[in-house]
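Architecture at a glance
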Amino acid sequence: MFSLVAEYTAIAHAPAPFVPGKTPVPVSGKVYDATDVTSLVESALDFWLTTGRFNSAFEQRLRQFMGVRHALTCNSGSSANLLAVSTLANPLLGKRALQPGDEVITCAAGFPTTVNPILQNNLLPVFVDVDIPTYNIRADLIEAAITPRTRAIAVAHTLGNPFDLDTVMELARKHDLFVVEDTCDALGATYRDKIVGSFGDIGTLSFYPAHHMTMGEGGAVFTNDSKLKRVLESMRDWGRDCWCDPGRDNSCKRRFEQQLGTLPFGYDHKYTYSSIGYNLKITDMQAAVGLAQFDHLENFIAARRRNFEQLLSLLKPLEEFLILPQATPHSNPSWFGFPLTVRPGAPFTRDALVKHLNECLIATRFLFGGNLLRQPYMRERPHRVVGTLDNADQVMNATFWVGVFPGLSEAHIAYMAEEFHNFCKKPH
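Predicted model, so just to flag it, every value in this text is computed and none were measured. (Residues numbered from 1 in each chain as written. Predicted model: local features only at pLDDT ≥ 70, side-chain atom pairs only at ≥ 80, totals over all residues. Heavy atoms only, no water.)

1. Points about the overall build of the chain
Going by this rule: The helix and strand labels rest on DSSP assignments: H or I over at least four residues marks a helix, E over at least two residues marks a strand, and numbering proceeds from the N terminus. When we talk radius of gyration, it's over C-alpha atoms, and the globule rule is simply 2.2 Å times the number of residues to the 0.38. Note on contacts: a residue pair is in contact if any heavy atoms of the two residues lie within 4.5 Å. Here the open area of atoms and residues is found with the Shrake-Rupley method and a 1.4 Å probe, where only the protein chains shown may cover a residue. In this tally, Asp and Glu contribute negative charge and Lys and Arg positive charge; neither His nor the terminal groups of the chain are included. By convention, the charge on Lys lies at NZ, on Arg at CZ, on Asp at CG and on Glu at CD.
Helix and strand counts for the chain come out as 13 helices and 15 strands. Taken over C-alpha atoms, the radius of gyration comes to 23 Å for the chain, in line with the 22 Å a tight globule of 428 residues would show. The principal-axis extent of the C-alpha atoms belonging to the chain is close to 80 × 65 × 40 Å. In the chain, the share of contacts with a sequence separation of at least 24, taken over all contacts with a separation of at least 6, comes to 72%. As displayed, the chain has an accessible area near 18600 Å², and 54% of this comes from carbon and sulfur atoms. Counting 40 positive and 44 negative side-chain charges, the chain places the centres of these two groups 4 Å from one another.

Now the structure itself:
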């Protein structure tokens with residue numbers, strides 16, 4: 001039967017040949033083969049619709065890859081960030097728990113769901129400017145942002161390029177701060193040969209189709225701290241005190257033999273709640289796709305790096321017009337995209353270049369929310385800014401990125417570079 005699935009996949013999902021100027025060049029997308037589809041079909045035939053054996057296998061594989069003690073799947077990278085920050089504010093942590101009004105340092109330019117959980121937990125985001133051309137937080141400005149109310153640093157590794165973990169982790173140790181690493185764009189990136197996401201207290205991932213590997217919707221949180229893992233799991237699973245897997249009972253061997261809160265003695269542990277929580281689990285069918293994707297991951301990461309280096313080489317002659325991206329020192333990025341900033345004084349604008357590329361069917365994206373403080377939803381939100389946000393404004397006005405994902409071939413990359421040259425070298 002599974003051989004028929006492979007035959008169908010080869011016919012129905014065969015990639016179309018690339019025709020420059022006629023075939024779209026996306027910034028991202030899912031890359032898969034018959035093994036991924038077969039794994040999905042196998043899980044569907046189980047008809048175990050919540051988390052099950054595939055999810056358990058996926059979490060184990062993720063723990064091994066990340067080099068961490070605990071990894072839990074959830075339904076998105078945004079939910080992973082919500083779980084991470086909410087866990088740090090959970091009363092189950094006792095005196096370690098963040099309190100309303102405590103400060104969390106973050107970057108002014110990026111994706112909003114890195115910052116939103118800070119606001120959702122009544123914490124105060126403290127914004128620091130972004131560096132160009134790494135597009136990560138200006139780590140040299142972080143210490144000036146620390147006050148007696150500062151309790152955590154929560155930042156992303158932008159577009160797969162690690163932030164300065166030496167500085168961030170040194171400051172975290174010096175000032176006793178939690179660190180949340182938003183690794184949603186950076187699966188497989190390393191810093192001093194150690195995988196990013198494993199440095200801080202909690203790391204997060206996304207498995208949306210745009211990301212390094214996919215299960216459709218989906219994400220994960222991971223940690224080396226057993227107490228944090230316990231809280232993360234509770235908040236992911238409705239806030240319950242019980243840790244039984246779906247379909248299982250009495251893992252604690254004391255299901256009807258405890259007294260918690262002011263509940264009567266023996267109240268069913270499966271319906272005892274120690275946290276404000278949610279149902280943020282994934283299905284086993286999603287996990288089955290993710291498990292198969294793991295077999296491709298090393299090749300995916302290598303392809304991203306190869307595409308990035310090819311495009312970097314081809315665009316080098318355009319540096320008079322464009323600021324090309326740079327890897328953070330001591331890092332080996334797992335590039336999510338190729339960021340570019342149109343230089344001040346260039347004879348054209350970012351928007352004019354993006355318009356040309358899109359007319360050539362080359363997809364582009366801005367660097368997420370740009371300066372997040374200029375987003376409509378941030379009006380009148382409590383926050384603090386340290387220094388100027390000049391670079392964040394420059395990112396908002398002049399920065400964009402194009403794709404380097406594994407679905408792009410050398411021909412795609414060469415065509416993109418050709419159109420960059422055609423536009424930049426023509427009279428303006």
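2. Digging into the pairing of strand β9 (residues 219-223)
This is how the line gets drawn: Working definition: with a 1.4 Å probe on protein chains only, accessible area under 20% of the residue-type maximum means buried, over 50% means exposed, and in between means partly exposed. Pairing between strands is defined by DSSP: at least two bridges between the two strands are required.
For β9, a buried count of 5 out of 5 residues is recorded, marking the element as mostly surrounded by other parts of the structure. Here 5 bridges tie strand β1 (residues 70-74) to β9, and the two strands are oriented antiparallel to one another. Bridging across to β9, Thr73 finds its partner in Ala220. Looking at chain direction, strand β8 (residues 202-206) and β9 are connected through 4 bridges and run antiparallel. Within β9, the residue paired with Thr204 across the bridge is Val221.

3. Structural notes on the nonpolar core
One broad trend across soluble globular proteins is that nonpolar side chains are buried collectively. Formally: Definition of nonpolar core: a set of buried residues of the types Ala, Val, Leu, Ile, Met, Phe, Trp, Tyr and Cys, connected through side-chain atoms within 4.5 Å.
Residues Ile105, Ile137 and Ile142 are the most contacted members of the largest nonpolar core, which totals 46 residues. Counting only elements with at least two residues in this core, the list comes to β2 (103-107), α5 (112-120), β3 (124-128), α6 (142-145), β4 (150-156), α7 (165-175) and α12 (390-398). Sequence-distant contacts of Ile142, defined by excluding residues within four places in its chain, comprise Ile105, Ile137, Ile153, Val168 and Leu171. Among the nonpolar cores identified, the runner-up in size contains 33 residues, and Leu322, Leu357, Phe400 and Phe420 belong to it.

4. Looking at the environment of Arg192
Selection rule: Distance and chemistry together define a polar contact, namely a pair of N or O atoms within 3.5 Å, with one atom able to donate a hydrogen and the other to accept it when in protein, and with adjacent residues in sequence counting only for side-chain atoms on both sides.
By secondary structure assignment, the location of Arg192 is in the loop between β6 (190-191) and β7 (194-195). The exposure class assigned to Arg192 is partly exposed, which follows from its relative accessible area of 47%. Taking the C-alpha atoms as reference points, Arg192 and Met213, separated by 21 residues in sequence, lie 23 Å from one another. Once you skip the residues sitting within four places of it in the chain, Arg192 turns out to touch Asp166 and His330. Polar contacts involving the side chain of Arg192 include one to the side chain of Asp166, which spans 2.6 Å.

5. Digging into a nonpolar patch on the surface
Short version of the rule: In this scheme, patches are assembled from residues that exceed 30% relative accessible area and form no salt bridge. Like charges are connected within 9 Å, while nonpolar side chains (Val, Leu, Ile, Met, Phe, Trp, Tyr) are connected within 5 Å. By definition, a salt bridge exists where a carboxyl oxygen of Asp or Glu is found within 4 Å of a side-chain nitrogen of Lys or Arg.
Among the surface-exposed residues, Trp238, Leu263, Tyr267, Tyr271 and Tyr273 lie close enough to one another that they form a single nonpolar patch of about 530 Å² accessible area. Assignment of secondary structure puts Tyr267 in the loop between α8 (226-236) and α9 (284-294). Take Tyr267: its relative accessible area is 40%, and that puts it in the partly exposed class.

6. Thoughts on the packing of aromatic side chains
For clarity, the threshold we go by: For this analysis, a ring pair means two rings from Phe, Tyr or Trp (six-membered ring only for Trp) whose centres lie within 6.5 Å, classed as stacked if their planes differ by under 30 degrees, edge-to-face if by over 60, and tilted for the remaining angles. When the NZ atom of lysine or the CZ atom of arginine is within 6 Å of a ring's centre and also within 35 degrees of its normal, the charge is said to sit over that ring.
The final tally for this structure, using the stated rule, is 13 aromatic pairs. Centre to centre, the rings of Phe58 and Phe294 are 5.4 Å apart; their planes meet at 45 degrees, and the pair counts as tilted. Placement of Phe58 in helix α3 (residues 53-66) and of Phe294 in helix α9 is noted, with a sequence separation of 236 residues between them. Like Phe294, Phe58 is buried. When the ring of Phe400 is compared with that of Phe420, the centres are 6.2 Å apart and the planes differ by 15 degrees; the resulting orientation is stacked. Of the two residues, Phe400 sits in strand β15 (residues 399-402) while Phe420 sits in helix α13 (residues 410-425), which places them 20 residues apart along the sequence. Both residues of the pair, Phe400 and Phe420, belong to the buried class. Through a chain of ring-to-ring contacts, the aromatic side chains of Phe58, Phe65, Phe207 and Phe294 assemble into a single cluster. Across the ring face of Phe199, the terminal group of Lys194 is positioned such that the distance to the ring centre comes to 4.7 Å. A cation over an aromatic ring shows up here: Arg350 above the ring of Phe366, its NZ or CZ 3.7 Å from the ring centre.

7. A few points about the pattern of salt bridges
Going through the model one piece at a time under the given rule, you end up with 22 salt bridges. For Asp249, the salt bridge identified is with Arg255, shortest N-O distance 3.7 Å. Using a relative accessible area of 19% as the deciding quantity, one classes Arg255 as buried. The closest approach of N and O atoms between Asp393 and Arg374, which form a salt bridge, is 2.7 Å. In this pair, Asp393 is assigned in helix α12 and Arg374 in the loop between β13 (365-366) and β14 (384-385), connecting sequence segments 19 residues apart. Note on Asp393: relative accessible area 17%, which makes it buried.

8. As for the sheet that holds strand β10 (residues 322-323)
Selection criterion: Note on method: axes are straight lines fitted to C-alpha atoms, helices fitted across the in-contact stretch only, with angles between N-to-C directions ranging 0 to 180 degrees.
Taken in spatial order, the 4 strands make up an open sheet running β10-β12-β15-β13, and their pairing is antiparallel. Strand pairing shows two members of the sheet lacking a second neighbour, β10 and β13, which therefore form its edges. Bridge count between β10 and strand β12 (residues 338-342): 2 bridges; the pairing is antiparallel. The residue of β12 that forms the bridge with Ile323 is Thr341. On the sheet, helix α10 (residues 297-315) packs against β12 and β15 and is oriented at approximately 25 degrees with respect to β12. Against the sheet, α12 engages β10, β12 and β15, with an angle of about 55 degrees to β15.

9. Points about the environment of Leu324
Along the polypeptide, Leu324 turns up in the loop between β10 and β11 (331-332). Leu324 gets classed as buried once you look at its relative accessible area, which sits at 5%. Distance from Leu324 to Gln99, taken between C-alpha atoms, is 41 Å for residues 225 residues apart in sequence. With residues up to four places along the chain from it excluded, the contact list for Leu324 reads Pro133, Leu312, Leu315, Lys316, Glu319 and Leu340.

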